[in-house]
Amino acid sequence: MRQKVDQEYIDMYHITPENFWLALEHMGRYAYAAWMVGKRKYKSVLDVACSNGFGCEKLADAGTQVVGVDINEQSIAAARERHRNREDIRYSVADVDGEGWADALDAKKYDAIVCFEAIEHVRHPEKLLCTLATMLKPNARLLLSVPAAEYESLDENGHPVSPYHQHVFSRLDISAMLAKAGLSVERMLGQPDMNRLMRKHNTFCSRNEELVPFTTTSFKMSPESIAYYIQMFAYPEKGNLKDTYSHIYVLKRT
């Protein structure tokens with residue numbers, strides 16, 4: 001079944017034929033973040049735009065205390081219910097585009113902050129990046145992912161076609177915002193296999209309509225299988241930005 005590439009919300013707890021490749025792409029970013037958190041033995045992590053808590057769970061499983069924030073009250077309610085017995089995850093409803101949200105959190109500084117696919121949604125991305133920079137402890141890292149401009153459609157006025165996105169950022173735009181926030185790039189990563197595979201999948205479906213039903217049963221959906229797919233297809237690669245939908249930045253304060 002063709003992937004619905006215009007989907008805004010991907011429930012990584014519920015992989016379907018329509019979101020299979022997109023879900024793996026999102027899960028791959030969190031797999032990398034969890035690996036980094038575990039390797040560096042970070043003790044506190046903030047997940048910005050955490051949705052229903054899938055990423056928070058993976059980060060906490062790596063051995064850290066996690067705070068997840070999201071503007072969607074229903075998503076936060078679902079995350080709290082799912083993780084009601086975990087003492088290593090806390091959630092807060094927060095509008096990261098507004099004022100005072102960071103001060104409202106119990107912790108003010110973090111060993112790592114994760115902000116995946118979020119700054120294109122807010123009205124004031126520069127302000128958000130500046131706020132996140134101030135919330136980093138010494139030697140902490142900010143993991144940021146941003147859709148690449150070449151994969152964002154624009155209308156005749158140069159505005160994003162996606163009703164969910166407020167901005168489209170070029171590499172120069174991102175560099176300028178990071179410099180203003182006092183952040184430097186430690187490394188950049190991409191997920192080119194995911195983008196290529198999804199396009200090949202959709203091309204296959206368009207050319208072989210009689211076989212489309214079989215695409216729903218071609219992959220096993222066990223946790224072990226999903227973990228394998230993530231490592232094989234979706235795990236971010238250092239410096240490989242060709243064909244990748246999003247650029248992933250590992251940032252530190254200058």
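Residues numbered from 1 in each chain as written. Predicted model: local features only at pLDDT ≥ 70, side-chain atom pairs only at ≥ 80, totals over all residues. Heavy atoms only, no water.

1. Thoughts on the overall build of the protein
- Summing up its helical and strand segments, the protein has 7 helices and 8 strands in all.
- Within the protein, the fraction of its 254 residues that count as buried is 47%.
- If you take every contact in the protein between residues at least 6 apart in sequence, the share linking residues at least 24 apart comes to 72%.
- Summed over all atoms, the accessible surface of the protein reaches about 12,800 Å², with 51% contributed by carbon and sulfur. (Helix = DSSP H or I, 4+ residues; strand = E, 2+ residues; numbered from the N terminus. Buried < 20%, exposed > 50% of the residue type's maximum accessible area, 1.4 Å probe, protein only. Contact = heavy atoms within 4.5 Å. Areas by Shrake-Rupley, 256 points an atom, 1.4 Å probe, with all protein chains shown as cover.)

2. Observations concerning the pattern of salt bridges
- Counted under the stated rule, the structure contains 16 salt bridges.
- The partner of Arg123 in a salt bridge is Asp97, with the nearest N and O atoms 3.5 Å apart. Of this pair, Arg123 sits in the loop between strand S4 (110-116) and helix H4 (125-134) while Asp97 sits in the loop between strand S3 (89-93) and S4; the two residues are 26 residues apart in sequence, bridging distant segments of the chain.
- The exposure class assigned to Arg123 is partly exposed, which follows from its relative accessible area of 46%.
- We note a salt bridge from Asp111 to Lys137, for which the minimum N-O separation is 3.8 Å. Here the residue Asp111 occupies a position in strand S4, and Lys137 occupies one in strand S5 (residues 136-147), the gap between them amounting to 26 residues.
- Residue class for Lys137 comes out partly exposed when judged on its relative accessible area of 30%. (Salt bridge = Lys/Arg side-chain N within 4 Å of Asp/Glu carboxyl O.)

3. Structural notes on the side chain of His247
- Tracing the chain through its elements places His247 in strand S8 (residues 246-253).
- The exposure class assigned to His247 is buried, which follows from its relative accessible area of 7%.
- Excluding its chain neighbours within four sequence positions, the residues that come into contact with His247 are Leu144, Ser145, Val146, Ala148, Arg171, Met188, Leu189 and Leu241.

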